[in-house]
Amino acid sequence: MENSSVVNTLAGLAQTTRLETFRLLVRHEPAGVPAGELARLLDVPQNTMSAHLATLSRAGLVKRERQRRSIIYRANLDGLRELMLFLLKDCCGGSTALCAPLIAELTPCCKPQERPT
């Protein structure tokens, strides 16, 4: 990631409703949430939500998919991963002692399920 796209991505999250929208979408992965439902859940007018979703989309943080008459929004977890890796790339100058607690906090809360053999 380049500095300019990192700034654009962070700017996309630098507003309360957009941050809440992104976090809500992350909680609803992988199913996603229809745009109207997002507006209802966050008590935001639909046209305002559309503007926020457009900003998050330009920032590379959300994806959308048309399903019949609805548009389903999903968090772009690859975009989030790229952002986090960029921010942590030079974590604490490579000091394991300083980075270990941070990495432990970032360890996923949901372990992947093992596939039956």
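Structure shown above.
Here the structure is a predicted model, which is why all the values come from computation and not from measurement.

Caption draft 1: Inspection of the nonpolar core at higher detail. Counting 17 residues, the largest nonpolar core has Phe 22, Leu 25, Leu 38, Met 49, Leu 61, Val 62 and Tyr 73 as its most contacted members. Elements represented by at least two residues in this core include exactly helix H2 (16–27), helix H3 (35–41), helix H4 (46–58) and strand S3 (70–75). When sequence neighbours within four positions are dropped, the list of residues in contact with Phe 22 reads Leu 13, Leu 56, Leu 61, Val 62, Ala 75, Asn 76 and Leu 80.

Caption draft 2: Main features of the pairing of strand S2 (residues 62–67). Where S2 and S3 come together, six bridges link them in antiparallel fashion. Looking across to S3, one finds that Lys 63 is bridged to Arg 74. The turn joining S2 and S3, which pair antiparallel and follow one another in sequence, is formed by two residues; a positive phi near 55 degrees is taken by Arg 68.

Caption draft 3: Layout of the pattern of salt bridges. Summed over the entire model, instances satisfying the criterion amount to two salt bridges. Note that Arg 40 is salt-bridged to Glu 37, the shortest N-O span being 2.6 Å. Highlighted residues: Arg 40 and Glu 37, both in helix H3, separated by three residues, approximately one helical turn. Residue class for Arg 40 comes out exposed when judged on its relative accessible area of 55%.

Caption draft 4: Layout of a nonpolar patch on the surface. A surface patch of nonpolar side chains, about 550 Å² in accessible area, is lined by Met 1, Leu 10, Met 84, Phe 86, Leu 87, Leu 102 and Leu 106. Put simply, the parts of the chain that give the nonpolar patch at least two residues each are helix H5 (77–88) and helix H6 (96–106). It is H5 that provides the largest number of residues to the nonpolar patch, a total of three residues. Along the chain, Leu 87 falls in helix H5. The class of Leu 87 is partly exposed, set by a relative accessible area of 47%.

Caption draft 5: Fine view of helix H1 (residues 3–13). Of the positions making up H1, those classed as buried are Val 6, Thr 9, Gly 12 and Leu 13. The arc that holds every buried residue of H1, seen down its axis, measures 120 degrees, which confines them to one face. Pointing more than 90 degrees away from the buried face of H1 are the exposed residues Asn 3, Ser 4 and Val 7. Where H1 is buried, its residues meet H2, H4 and H5.

Caption draft 6: Geometry of the side chain of Asn 76. Structurally, Asn 76 can be placed in the loop between S3 and H5. A polar contact is formed between the side chain of Asn 76 and the backbone oxygen of Gly 60, at a distance of 3.0 Å. In contact with Asn 76, not counting residues within four places along its chain, are Phe 22, Gly 60, Leu 61, Val 62 and Lys 63.

About the thresholds
- Residues numbered from 1 in each chain as written.
- Predicted model: local features only at pLDDT ≥ 70, side-chain atom pairs only at ≥ 80, totals over all residues.
- Heavy atoms only, no water.
- Core = buried A, V, L, I, M, F, W, Y, C linked by side-chain atoms within 4.5 Å.
- Buried < 20%, exposed > 50% of the residue type's maximum accessible area, 1.4 Å probe, protein only.
- Helix = DSSP H or I, 4+ residues; strand = E, 2+ residues; numbered from the N terminus.
- Contact = heavy atoms within 4.5 Å.
- Pairing = 2+ DSSP bridges.
- Salt bridge = Lys/Arg side-chain N within 4 Å of Asp/Glu carboxyl O.
- Patch = residues over 30% accessible without salt bridge, like charges linked within 9 Å, V, L, I, M, F, W, Y side chains within 5 Å.
- Areas by Shrake-Rupley, 256 points an atom, 1.4 Å probe, with all protein chains shown as cover.
- Arc of directions from axis to C-beta.
- Polar contact = N/O pair within 3.5 Å; in protein donor to acceptor, adjacent residues only side chain to side chain.

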